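Architecture and fold: a report
Here is what each chain is made of, one letter per residue.
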Amino acid sequence: MSEQAHFVDESLLNKVPRWRNYLAAKLGFRNHWYPVKLSSDVLEGKVSQATVCGEEILLKRVDGEVKAIRDRCLHRGVKFSEKVECYTPDTITCWYHGFTYKWNDGKLCDILASPDSKAIGRRSVKSYPVQEAKGLIFVFVGDEGFEAPPLAEDVPPTFLDDDLELHCAIYEVESNWRVGCENGFDGLHVYIHRASELVPDTQRSLPIGHLAKSGDVLVHEEAGAPKGVYDAFANHTSIWEGKVDGQVVVTGTKRVSEKPTRTTAASLWMPCGLRVDDFPDQDITQFEFYVPVTESKHLYVMLVGKRVSTEEESAHFNHEFWNRWKPIGFENFNAQDIQARLALQTFYKRDTAWLDEMLIEGDSPLIKWRELCHRHARGIQKPEHM
Ligand code: FES
Ligand SMILES: [Fe+2]
């Protein structure tokens, strides 16, 4: 266990009956798919480590397919990763007493220090369903016997579209995953981005906020489809000047464009995926995942996607990613988000903070998100799962 985890107090949970499961899910939701690595970081034959929802796992690519098992020996509980021993491509041997497991299903297939033990073949270390898509490795963190639904139900709509080319970068952020989700989706936090380099670079408009009544969101909760909340910023009445005592002290950027432009829209999808349409620029979609690692850390998976139909378009988008969207988007605009999350975490690390906040009208989309999660979580990750 990389960090001491604890339950959220029952008396606190009872105070938020409409989003109780969300408050309880400090380690995320069970029985969902989560991206844990770039495909390109898990090479054939190489063993890598990941922690998701507090569970420490090992990944290995065997004959092209990625396998995942729990990083904990059944015998005395030590981590295989302390000293990795793989004597055949499809097995891993515990360094301590030689318990040997199949990567494919986790089955205990040999014990090197006691080859006639009756335990052989009887037990399995936990193995995880794995899928690769869009350059990412997704792992299903589930209960035994729970059949994993299609990956398409656990990612934002359009994410898996064939013609959508995606470029990705992954960062670790020292905040709870829910703080990441809420920062990304929060319509009022546009305030922190007003001086970002992205604004002049893309010649876009960027207000500093919006009027209170703007906070209506569409809630998607059809069976068998992704569950999410969708906020169309086009419906907002934007605020361009911030005043104190009637004096303008802060301004947004308002440009009049000759060509019609679509307005950005943000949507947040279970278990932890954000989609921002027409961002960082027209015809580009930004996706983000805030994957629970521990109570106080999430994996910040960021992608920009564009529909391409020719090799030239693909090459152009690749060039644009490295020279524009990564430095000016991820490393400038989104660095402001990371700063905000670190600041939020110092408050929200206390469970009681979720009841001490003072939300206003424009924060209502966040409450819709919490309630949606409460209704559709397939399970709550608890410290005993770690
Ligand atoms: S602890 Fe792993 S073989 Fe004994
Ligand atoms: Fe942001």
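Remember, predicted model here, so these are calculated numbers, not experimental data.

1. Section: the overall build of the protein
Within the protein one finds seven helices and 21 strands. Radius of gyration (C-alpha) of the protein: 23 Å, near the 21 Å computed for a compact globule of 386 residues. When each of the 386 residues of the protein is scored for burial, the buried share is 52%. Long-range pairs, those at least 24 residues apart, make up 62% of the contacts in the protein between residues at least 6 apart in sequence. For the protein, the centre of its 46 positive side-chain charges and the centre of its 58 negative side-chain charges are spaced 4 Å apart.

2. Details of the coordination of the iron ion (ligand 2)
Tetrahedral coordination by four donors places them ideally at 109.5 degrees to one another around the metal; octahedral coordination by six donors ideally gives 90 or 180 degrees. Protein-derived coordination of the iron ion (ligand 2) comes from His189 (NE2), His193 (NE2), Asp337 (OD) and Asp337 (OD), at a distance range of 2.0 to 2.6 Å. Around the iron ion (ligand 2), the four donor atoms are arranged such that angles at the metal cover 54 to 146°; this shape is classified as irregular. Read in sequence order, the donor residues for the iron ion (ligand 2) give the motif H-x3-H-x143-D. Of the two residues, His193 is situated in the loop between helix H3 (177-185) and helix H4 (198-202) and Asp337 in helix H5 (residues 311-348); the sequence distance between them amounts to 144 residues. Accessibility classification places His193 together with Asp337 in one group, the buried group.

3. Focus: the packing of aromatic side chains
One pass over the full model with this rule turns up 20 aromatic pairs. Ring centres of Phe321 and Phe330 lie 5.7 Å apart, and the angle between their planes is 70°; on these two criteria the pair is classed as edge-to-face. The pair Phe321 / Phe330 is uniform in exposure class, with both members buried. Here the aromatic cluster, defined as three or more aromatic residues joined through ring pairs, consists of Trp19, Tyr22, Phe29, Trp177, Phe347, Tyr348, Trp354 and Trp369. The cationic tip of Arg194 hangs over the ring face of Tyr191; the distance from NZ or CZ to the ring centre is 4.2 Å.

4. Quick look at the sheet that holds strand S13 (residues 218-220)
Strand order across the open sheet formed by seven strands is S11-S21-S20-S19-S18-S14-S13, with antiparallel pairing between neighbours. Looking at which strands have only one partner, the edges of the open sheet turn out to be strand S11 (164-173) and S13. Here the strands of the sheet are splayed against their neighbours by 15° on average, with no regard to which way each runs. Along the sheet, H3 contacts strand S14 (228-232), strand S18 (265-269), strand S19 (273-277), strand S20 (285-294) and strand S21 (297-307); its crossing angle with S20, the most-contacted strand, is approximately 160°. Sheet strands touched by helix H7 (residues 364-376): S13, S14 and S18. Its angle to S14, the strand with the most contacts, is close to 160°.

5. Some points on the sheet that holds strand S8 (residues 127-128)
Strand pairs in the sheet, formed through backbone hydrogen bonds, run parallel or antiparallel to each other. Taking strand neighbours across the sheet as the criterion, the four strands line up as S2-S3-S4-S8 in an open arrangement whose pairing is antiparallel. In this open sheet, the two edge strands, each paired with only one partner strand, are strand S2 (47-52) and S8. Two strands pair when backbone bridges link them, and strand S3 (residues 55-62) and strand S4 (residues 65-70) are joined in this way by six bridges, in the antiparallel orientation. Note that in S4 the partner of Ile57 across the bridge is Arg70.

6. Examining the pairing of strand S16 (residues 241-244)
Two strands pair when backbone bridges link them, and S16 and strand S17 (residues 247-251) are joined in this way by four bridges, in the antiparallel orientation. Directly across from Val244, in S17, lies its bridge partner Gln247.

7. Section: the packing of H3 against H5
Their axes nearest at 9 Å, the elements H3 and H5 cross at an angle of 130°. On the basis of their axis angle, the class for H3 and H5 is oblique. Like other packed secondary-structure pairs, H3 and H5 cross with a definite hand, here right-handed. Where H3 approaches H5, its residues Val179, Gly180 and Asn183 are matched on the opposing element by Asp337, Ala340, Arg341, Leu344, Gln345 and Tyr348.

8. Observations concerning the packing of H3 against H7
Where H3 contacts H7, the two axes come as close as 10 Å, and the packing angle between them is 140°. One element, H3, and the other, H7, form an angle in the oblique class. As H3 runs across H7, the sense of the crossing is right-handed. Contacts between H3 and H7 involve Cys181, Glu182 and Phe185 on the former and, on the latter, Pro365, Leu366, Trp369 and Arg370. Classifying every residue of the contact of H3 with H7 gives five nonpolar, no polar and two charged.

9. Looking at the UniProt feature "domain: Rieske" (unreviewed entry) in the protein
UniProt records the feature "domain: Rieske" (unreviewed entry) at residues 33-139, using the numbering of this structure. Within residues 33-139, the helical portion is 0% and the strand portion 44%, while the C-alpha atoms at the span's ends are 5 Å from each other.

10. Some points on the pairing of S2
Here S2 shows a clear split, with Ser48, Ala50 and Val52 buried on one side and none of Val47, Gln49 and Thr51 buried on the other. Bridge count for S2 against S3 is six bridges, and the pairing is antiparallel. Paired with Ala50 across the strands is Ile57, a residue of S3. The antiparallel pairing of S2 with S3 creates a hairpin that spans two residues between the two strands, and Cys53 there sits at a positive phi of about 50°.

Criteria and thresholds
Residues numbered from 1 in each chain as written. Chains lettered and ligands numbered in written order. Predicted model: local features only at pLDDT ≥ 70, side-chain atom pairs only at ≥ 80, totals over all residues. Heavy atoms only, no water. Helix = DSSP H or I, 4+ residues; strand = E, 2+ residues; numbered from the N terminus. Rg over C-alpha atoms; globule rule 2.2 N^0.38 Å. Buried < 20%, exposed > 50% of the residue type's maximum accessible area, 1.4 Å probe, protein only. Contact = heavy atoms within 4.5 Å. Lys, Arg positive; Asp, Glu negative; His and termini not counted. Charge placed at Lys NZ, Arg CZ, Asp CG, Glu CD. Donors = N, O, S within 2.8 Å, 3.2 Å for Na, K, Ca; no water. Tetrahedral: all angles 85-135°; square planar, octahedral: opposite > 155°, others 65-115°. Phe/Tyr/Trp six-rings, centres within 6.5 Å; stacked < 30°, edge-to-face > 60°. Lys NZ or Arg CZ within 6 Å of the ring centre and 35° of its normal. Pairing = 2+ DSSP bridges. Axes fitted to C-alpha atoms, helices over the stretch in contact; angles between N-to-C directions. Parallel < 35°, antiparallel > 145°, perpendicular 65-115°, else oblique. Left-handed = near helix turned anticlockwise from the far one by under 90°. Nonpolar A, V, L, I, M, F, W, Y, C, P; charged D, E, K, R; others polar. UniProt positions renumbered as here; feature names shortened; annotations may be inferred.

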